[in-house]
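Examination of the molecular architecture
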Amino acid sequence: MTLVLHHTELLRSSHLIDGRWCGEPTHEVTDPADGSLVAHVPDGRAADARAAADAAHAAFAGWRQVPARQRAALLKRWHNLVMAHQDDLGRLISREQGKPLAEGQGEVAYAASYIEWFAEQATRANGEVIPSPVRGRRLMALREPVGVVAVITPWNFPAAMIARKIAPALAAGCTVVAKPAEDTPLTALALAALAQQAGLPAGVLNVVTASRERTPEVVDAWLDDDRVRKLSFTGSTPVGMHLARRSADTLKKLSLELGGNAPFIVFDDADLDAAVEGLMQAKFRNGGQTCVCPNRVYVHDAVHDRFVERLAARVGALRVGPAADPSSQIGPMINARAVDKIERHVQDAVARGAQVVVGGRRLQVGGSSGHWYAPTVLVGATPDMACACEETFGPVVPVTRFTDEAAVVAEANATPYGLAAYFYTQNAQRIWRVADALETGIVGINEGALAAEAAPFGGVKHSGYGREGSVHGLDDYQHIKYVCQGGLA
Ligand code: SIN
């Protein structure tokens, strides 16, 4: 797919540090659909990371003093520019990440919704006046920005994940050093260019790009830097745990949005058409490469065969193809490692007794050297299979038959992860019994599309902590200062 942008200035190939675009572009960004070169960006070093932290630290003193209404107005301008460039940004996302163009453009609106939301929240960061336990004192709890925030984002949503970290940070009065994923840095740079165009002062937002090999060098520079007071990360649980351990010496505040292993339960009283529809939405968004994707599907014995038949018909009809083809519904996987993992999961499931109903193989699309895997339905999945224990992060639906509510809820919870869970039932008592029993940060009841800027996104257990979006999203970027004034009696 050739990258044709209406506004070519959105295609940036440098770091943004202290308001200047700098760095030698040596790291290749390629299109996962065919391996073709999209652009080069710099392969950052510790010195770049330190320069970014210097700039963010210097800018913090001024930015925190900017009145909330002005910060909000600036975020609004950024939001409007993002939406004005929706088409270009969607193309950029689709080219470097691979998702179909309509999804890429949808992601731009999703990302922008967080910017708009936090523009509004900026003006509502109220503190508290606390009834004093003794005469003559006034007790107050004030909200303050935590300081410089390091933002480390994944490749699956190149715009939305960075927007929903940067927007609350800026709204709270923090300054930012950001490192986008090595596979998808171009969207982040384009968003930063638009933030600059919106009038963001130099140093308030800094973006450093790096290859997979150099990423630890960049991130370590921020981890070791006491001036970086918070780290917000979306990615795998092992990396999140490593970052938490490494943040201990400087006691950084952390937001960790980590791996998931979402169960999707279809009870015998479910509306089966709605359940199939919900599963298609939740599972195949971004080709199955989302943390909240159903990873394990449990279907009651009484409706199992009918459900699988309808599901298989829908999955078999999905059109797999490059982003450039408007009929594509599933794009390529992000890289060769991703396809290797999906293939390993399917082969392991089959070796342990699962049957392939649809798909179950790599695909060659257009004779290209892209990273393709066929949308797949497996039946007869069991808890010992890799696809039940690890996040597959691809278009594979492993289905398990069940008969008992308590047993299926116990199995749904029998994982270290706790990001999202879904279930379909028409029974009102069961709805609350199961919603209460599921050990996850997010629960979908008769609904497959859960994400919204107004809702709190985040997990429990090994899926991390902190919440993004919603009225709680700003809290992660603030601390509470207790102020006590005496001598008032
Ligand atoms: C994710 O996959 O981490 C985010 C998905 C979402 O925002 O819905």
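This text gives an overview of the structure that appears in the document.

Cut-offs applied
Residues numbered from 1 in each chain as written. Predicted model: local features only at pLDDT ≥ 70, side-chain atom pairs only at ≥ 80, totals over all residues. Heavy atoms only, no water. Near = heavy atom within 4 Å. Polar contact = N/O pair within 3.5 Å; in protein donor to acceptor, adjacent residues only side chain to side chain. Areas by Shrake-Rupley, 256 points an atom, 1.4 Å probe, with all protein chains shown as cover. Nonpolar A, V, L, I, M, F, W, Y, C, P; charged D, E, K, R; others polar. Axes fitted to C-alpha atoms, helices over the stretch in contact; angles between N-to-C directions. Helix = DSSP H or I, 4+ residues; strand = E, 2+ residues; numbered from the N terminus. Parallel < 35°, antiparallel > 145°, perpendicular 65-115°, else oblique. Left-handed = near helix turned anticlockwise from the far one by under 90°. Contact = heavy atoms within 4.5 Å. Buried < 20%, exposed > 50% of the residue type's maximum accessible area, 1.4 Å probe, protein only. Expected span 1.5 Å × (residues − 1).

1. Details of the site of the ligand
Taken together, the neighbourhood of the ligand is formed by 13 residues, with Tyr110, Arg164, Glu257, Arg285 and Cys291 sitting nearest. Within the contact set of the ligand, an oxygen atom lies 2.6 Å away from a side-chain nitrogen or oxygen of Tyr110. In this structure, Cys291 approaches the ligand through a main-chain N or O atom, which is 2.7 Å from an oxygen atom. Coverage of the ligand by the protein amounts to 100% of the 260 Å² it exposes when considered alone. Considered class by class, the residues forming the shell around the ligand number 7 nonpolar, 3 polar and 3 charged.

2. Thoughts on the packing of helix 2 (residues 68-84) against helix 6 (residues 185-197)
The geometry of helix 2 relative to helix 6 is characterised by a closest axis approach of 9 Å and an angle of 130° between their N-to-C directions. Classified by the angle their axes make, helix 2 and helix 6 are oblique. Helix-helix and strand crossings are classified by hand; for helix 2 and helix 6 the assignment is right-handed. Along its contact with helix 2, which presents Trp78, Leu81 and Val82, the element helix 6 presents Leu191, Leu194, Ala195 and Gln197.

3. Here we look at unusual backbone geometry
In the Ramachandran plot, Asp18 falls in the positive-phi region, its phi being about 55° despite a non-glycine side chain. Here Asp18 lies in the loop between strand 1 (15-17) and strand 2 (20-22). Asp18 gets classed as partly exposed once you look at its relative accessible area, which sits at 36%. Positive phi, normally seen in glycine, also occurs at Leu251, with a value near 45°.

4. Some details on the environment of Lys283
Summarising the element assignment, Lys283 is placed in helix 9 (residues 272-284). For Lys283, the contacting residues outside a window of four places in its chain are Gly288, Cys293, Pro294, Asn295, Gly394, Pro395, Val396 and Val397. One polar contact links the side chain of Lys283 to the main-chain carbonyl oxygen of Pro294, over a distance of 2.9 Å.

5. Some remarks on the side chain of Ser255
Checked against the element boundaries, Ser255 lands in strand 11 (residues 253-257). Polar side-chain contacts of Ser255 include one of 2.5 Å to the side chain of Lys230.

6. Overview of helix 1 (residues 46-63)
Helix length check: helix 1 (18 residues) gives 25 Å between terminal C-alpha atoms against 26 Å at 1.5 Å per residue, within 8%. Among the residues of helix 1, those classed as buried are Ala46, Ala49, Ala52, Ala53, Ala55, Ala56, Ala59, Phe60 and Trp63.

7. Description of the packing of helix 9 against helix 10 (residues 304-316)
At a closest axis distance of 10 Å, the pairing of helix 9 and helix 10 adopts a crossing angle of 45°. Comparing their axes, helix 10 and helix 9 come out oblique. Like other packed secondary-structure pairs, helix 9 and helix 10 cross with a definite hand, here right-handed. Packed against helix 9, whose contacting residues are Leu272, Asp273, Ala275, Val276, Glu277, Leu279, Met280 and Phe284, the element helix 10 presents Arg306, Phe307, Arg310, Leu311, Arg314 and Val315 at the interface.

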